[in-house]
Amino acid sequence: MALKCGIVGLPNVGKSTLFNCLSSAKAQAANFPFCTIEPNLGVITVPDERLNKLAEIIHPGRIVPATCEIVDIAGLVKGASKGEGLGNKFLGNIRECDAIIHVIRCFDDDNVVREGGMRVNPIEDKEIIDTELQLKDLETVEGQITKTAKIAAAGNKDAKTLLNILNAYKEALEQGKNARSVTFDSKEEKQAAHDLFLLTTKPVLYVCNVDENSAKHGNEYSKQIEAIAAEEGAEAMIIAAKTEEDIASLESYEDKKMFLDELGLEESGVNRLINKAYHLLNLQTFITAGEMEVKAWTYHKGWKAPQCAGVIHSDFEKGFIRAEVIKYDDYITYGSEAKIREAGKLSIEGKEYEVQDGDIMHFRFNV
């Protein structure tokens, strides 16, 4: 299961520059709106040093990290929900994503124009995007209410449940709130709400694009966004996209490390962003390890062993018998599967075992 994130923001806030950092596919970056006419798609690897450490012990034929799809969506503008700019098309692109990476300009640069020619205003920029997504969701909800009300009036129980959900969303959206601010209790309500695929129910990561001097601690602009994100219960992070692009262009690990050290950063903003996106969606990684390959697999936190087996192949889940589990730290400590077995550190787990991040799994199944 690959994570798919859509990068959104107003024109000229650094979306395509950030995409270029994340992906080997180079998006055109230019100082005018609508430079990105077709959504750019990049498939990137999820950084996980555990795979390399295991490979040093096992010497597999290959290392296969987990992947993440990143979509660079053209800059939205005020009125996008009504089709202004290239709005309708790209709002559709957002709908296909699991999470939204909302890039907000948090730097001064007279050479980079801001939509409308006004001064840098990160809060207003955020609100413009929020409003356009909310208006599109309101349009969707109102259309659904019209259809659902007739069915509910005829006594359909499911339609009544859905109508209550739609009205709750409508009230929130009309107040300028995102749909994700509305919560539901029952499993049926949560599923019905999910099936609406509203834009503002998607989890969001606010990325404050700062200048190089603010790469470590941020600035007054980024602090404004971080405060709002905290109020919303959303994630926010600081990144200097142009600087990250310079780092990504360096070939050797040593040069990249030196650059990061000069900035006072322990790891690149790109790595932090991908890890934040995983955390945002409650995703974790289990590992399969053998002579052929060491491979990372993505799963949802809280999944049981059979569900994780199904990530590899549906037959593994259908015919699940048991899982043999080794903790990552034990593998590093003992240095081989044989020694792990001798030490009694390999556990046999059944259908109710909740897989933990970094577990090294071997599934037994019969179909």
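Residues numbered from 1 in each chain as written. Predicted model: local features only at pLDDT ≥ 70, side-chain atom pairs only at ≥ 80, totals over all residues. Heavy atoms only, no water.

**Quick look at the UniProt feature "binding site: ATP" (unreviewed entry) in the chain**
The positions that UniProt labels "binding site: ATP" (unreviewed entry) are, in the present scheme, Asn12, Val13, Gly14, Lys15, Ser16 and Thr17. Looking at where Asn12 falls in the secondary structure, it is placed in the loop between strand S1 (3-8) and helix H1 (15-22). Its location among the elements puts Gly14 in the loop between S1 and H1. Sequence-distant contacts of Gly14, that is, excluding residues within four places in its chain, are made with Val103, Asn209 and Ala241. (UniProt positions renumbered as here; feature names shortened; annotations may be inferred. Helix = DSSP H or I, 4+ residues; strand = E, 2+ residues; numbered from the N terminus. Contact = heavy atoms within 4.5 Å.)

**Here's the deal with the sheet that holds S1**
As summarised here, the arrangement of the six strands in space is S2-S4-S1-S5-S6-S7, forming an open sheet in which the pairing is mixed. Of all the strands in the sheet, the pair left with one neighbour each is strand S2 (40-45) and strand S7 (235-239). Pairs of neighbouring strands in the sheet enclose a mean axial angle of 25°, with direction left out of account. With five bridges connecting them, strand S6 (residues 204-209) and S7 associate as parallel partners. (Pairing = 2+ DSSP bridges. Axes fitted to C-alpha atoms, helices over the stretch in contact; angles between N-to-C directions.)

**Observations concerning the environment of Arg180**
With respect to the helices, strands and loops of the structure, Arg180 is situated in the loop between helix H5 (157-174) and helix H6 (187-194). On a C-alpha basis, the gap between Arg180 and Leu198 in space is 9.0 Å, while along the polypeptide they are 18 residues apart. Look past the residues within four positions of Arg180 in its chain and what remains in contact with it is Thr200, Thr201, Lys202, Val204 and Tyr206. Within the local environment of Arg180, its side chain forms a polar contact with the backbone oxygen of Lys202, the two atoms lying 2.9 Å apart. (Polar contact = N/O pair within 3.5 Å; in protein donor to acceptor, adjacent residues only side chain to side chain.)

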